[in-house]
Amino acid sequence: MPLMPGAEPYRHHGGPVGVLVCHGFTGSPYSMRPWAEAAAAEGFSVSLPLLPGHGTQWRDLNITRWPDWYATIEREFDLLAKDCEQVFVFGLSMGGALALHLAAQKGADVSGLVLVNPLVRMPGQAHRALPLVRHLVPSFPGIANDVAKPGVNEGGYVRTPLHAAHSMAQLTRLVQSELPQVTQPLLLFRSPQDHVVTPASGAMLLARISSTDVEERLCERSFHVATLDHDAEAIFEGSLDFVRRLTPAAKG
């Protein structure tokens, strides 16, 4: 299947500080490209991969599982780590869950995390039926385009593939168990008006991680895909300030 416009992965070879950018479930690099480009403009080395099953059509996602998505994230992290002195990880929604799993696995090799509305806990109760329902129907209506800013289309799937959603639920349970292993500095951006991820995700994240350098900032004017919304510039500027604070290499 051909890629959707803007779904292409993005890479930039810059200086000794690397930034890995992780998009969300049923989305694509399109939702993160402005953030990745902002990091590249600061001279950082940047990788924004396209996760398997994404960026084409929803049926392609239904034959992938979370280890497939994580394998791509881990590969790109390892490539950045070979060329960079420090690597930070930025993530949106399910990309935030993958970033947290990576942080738990890689430890101090991850220099810091910037997460936007990360998915740590599945919303509502409907996900509890996924083990059965996914064998009866292939998809539900999509979750894309939760954006307050008029005229914005994030280019996500119009359907939510249920086999893949079930796997994502399994990922969240794993991440919940690993949160005490997350010790890296964390900057969390959270939208109070998020119609995809509930406040319970952010609350669980902040309650269970072992990080001591932690800051939460609210995106009051944005919905779930805040990287394309009214607070996008504040996210970009805040995240780059966060990286500069923690990187002697960037200051030089």
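Our subject is the structure that appears above.
It should be emphasised that the depicted structure is a prediction, and the values quoted were computed from it without experimental measurement.

Caption draft 1: Highlighting the pattern of salt bridges. The full count for this structure, using the stated rule, is eleven salt bridges. As a salt-bridge pair, Glu-37 and Arg-33 come within 2.8 Å of each other at their nearest N and O atoms. Taken together, the positions of Glu-37 and Arg-33, both in helix H1 (residues 33-41) and four residues apart, correspond to about one turn of that helix. For the salt bridge of Asp-241 with Arg-244, the shortest nitrogen-to-oxygen distance reads 2.3 Å. With Asp-241 and Arg-244 both in helix H8 (residues 232-245) and three residues apart, the pair spans about one turn of that helix. According to the relative accessible area criterion, Asp-241 is partly exposed, its value standing at 43%. Given the relative accessible area of 26%, Arg-244 is considered partly exposed. One network of salt bridges, with partners in common, ties together Arg-11, Arg-75 and Glu-76.

Caption draft 2: Seen up close, the sheet that holds strand S8 (residues 186-190). Taken in spatial order, the seven strands make up an open sheet running S1-S3-S2-S4-S5-S8-S9, and their pairing is mixed. The sheet terminates laterally at strand S1 (10-12) and strand S9 (214-218), the two strands that pair on one side only. Here the strands of the sheet are splayed against their neighbours by 15° on average, with no regard to which way each runs.

Caption draft 3: Broad picture of helix H7 (residues 199-208). Along H7, the residues classified as buried are Ser-201, Gly-202, Met-204 and Leu-205. The arc that holds the buried residues of H7, viewed along the axis, is 165°, so those residues lie on one side. Considering only its buried residues, H7 is in contact with helix H4 (94-106), strand S5 (110-116), helix H6 (162-178) and S8.

Caption draft 4: Main features of the pairing of S5. S5 sits mainly inside the fold: seven of its seven residues count as buried. Bridge analysis of strand S4 (residues 86-92) against S5 gives six bridges, and the strand direction is parallel. Along S5, the bridge assignment pairs Phe-90 with Val-114. Handedness of the crossover joining S4 and S5 through H4 is recorded here as right-handed.

Caption draft 5: Seen up close, the nonpolar core. Among the nonpolar cores identified, the biggest contains 48 residues, and Trp-69, Val-89, Leu-100, Leu-113 and Leu-205 are the most heavily contacted of them. Element by element, the count of residues in this core is highest for H4, at eight residues. Among residues more than four places away in sequence, those in contact with Leu-205 are Leu-100, Leu-115, Pro-118, Val-120, Leu-179, Leu-186 and Leu-188. Within the second largest apolar cluster, 31 residues are counted, among which are Leu-92, Leu-187, Ala-226 and Ala-232.

Caption draft 6: Geometry of the packing of aromatic side chains. Throughout the structure, instances matching the rule amount to four aromatic pairs. With a centroid separation of 6.4 Å and 20° between ring planes, the pair formed by Trp-35 and Phe-236 is classed as stacked. Here Trp-35, found in helix H1, pairs with Phe-236, found in helix H8; they are 201 residues apart in sequence, far enough to count as distant. Per residue, the accessibility class of Trp-35 equals that of Phe-236, and both read buried. Through a chain of ring-to-ring contacts, three or more aromatic side chains come together here, namely Trp-35, Phe-90 and Phe-236.

Caption draft 7: Geometry of a positive patch on the surface. The grouping of Arg-121, Arg-128, Arg-173 and Arg-208 at the surface amounts to a positive patch. Considering the arrangement of structural elements, one finds Arg-208 in helix H7.

Conventions used here
- Note that residues are indexed from 1 along each chain, following the sequence as it is written.
- With the structure being a predicted model, the display of local features is reserved for residues of pLDDT at least 70 and the display and counting of side-chain atom pairs for 80 or more, all residues being used for whole-chain, interface and lining totals.
- Side-chain metrics in this entry use all non-hydrogen atoms of the structure; hydrogen atoms and water are not considered.
- By definition, a salt bridge exists where a carboxyl oxygen of Asp or Glu is found within 4 Å of a side-chain nitrogen of Lys or Arg.
- Secondary structure elements are defined from DSSP: runs of H or I of at least 4 residues count as helices, runs of E of at least 2 residues count as strands, and each element is numbered from the N terminus.
- Only protein chains enter the calculation, and the probe is 1.4 Å; a residue is then buried if its accessible area is under 20% of its type maximum, exposed if over 50%, and partly exposed in between.
- What makes two strands pair is DSSP finding at least two bridges between them.
- Fitted lines through C-alpha atoms serve as axes, helices being fitted only where they are in contact, and the angles separating the N-to-C directions of these axes extend from 0 to 180 degrees.
- This arc is built from the directions going out from the helix axis to the C-beta atoms.
- The contact criterion used throughout is that any non-hydrogen atoms of two residues lie within 4.5 Å.
- With the strands pointing away from the viewer, any crossover whose connection runs clockwise from the first strand over the helix to the second is right-handed.
- Working definition of a nonpolar core: buried Ala, Val, Leu, Ile, Met, Phe, Trp, Tyr and Cys residues. They are joined through side-chain atoms within 4.5 Å.
- Note on ring pairs: Phe, Tyr and Trp rings are taken, using the six-membered ring of Trp, and paired if centres are within 6.5 Å. Classes follow the plane angle, with under 30 degrees stacked, over 60 edge-to-face and the rest tilted.
- Only residues whose relative accessible area exceeds 30% and that form no salt bridge are eligible for patches; like-charged ones are grouped when within 9 Å, while nonpolar side chains (Val, Leu, Ile, Met, Phe, Trp, Tyr) are grouped when within 5 Å.
- Here the Shrake-Rupley method, with its probe set to 1.4 Å, supplies the accessible areas, and only the displayed protein chains count as covering residues.
- For the charge count, each Lys or Arg is scored as positive and each Asp or Glu as negative, with His and the chain ends excluded.
- To locate a charge, the coordinates of NZ of Lys, CZ of Arg, CG of Asp or CD of Glu are taken.

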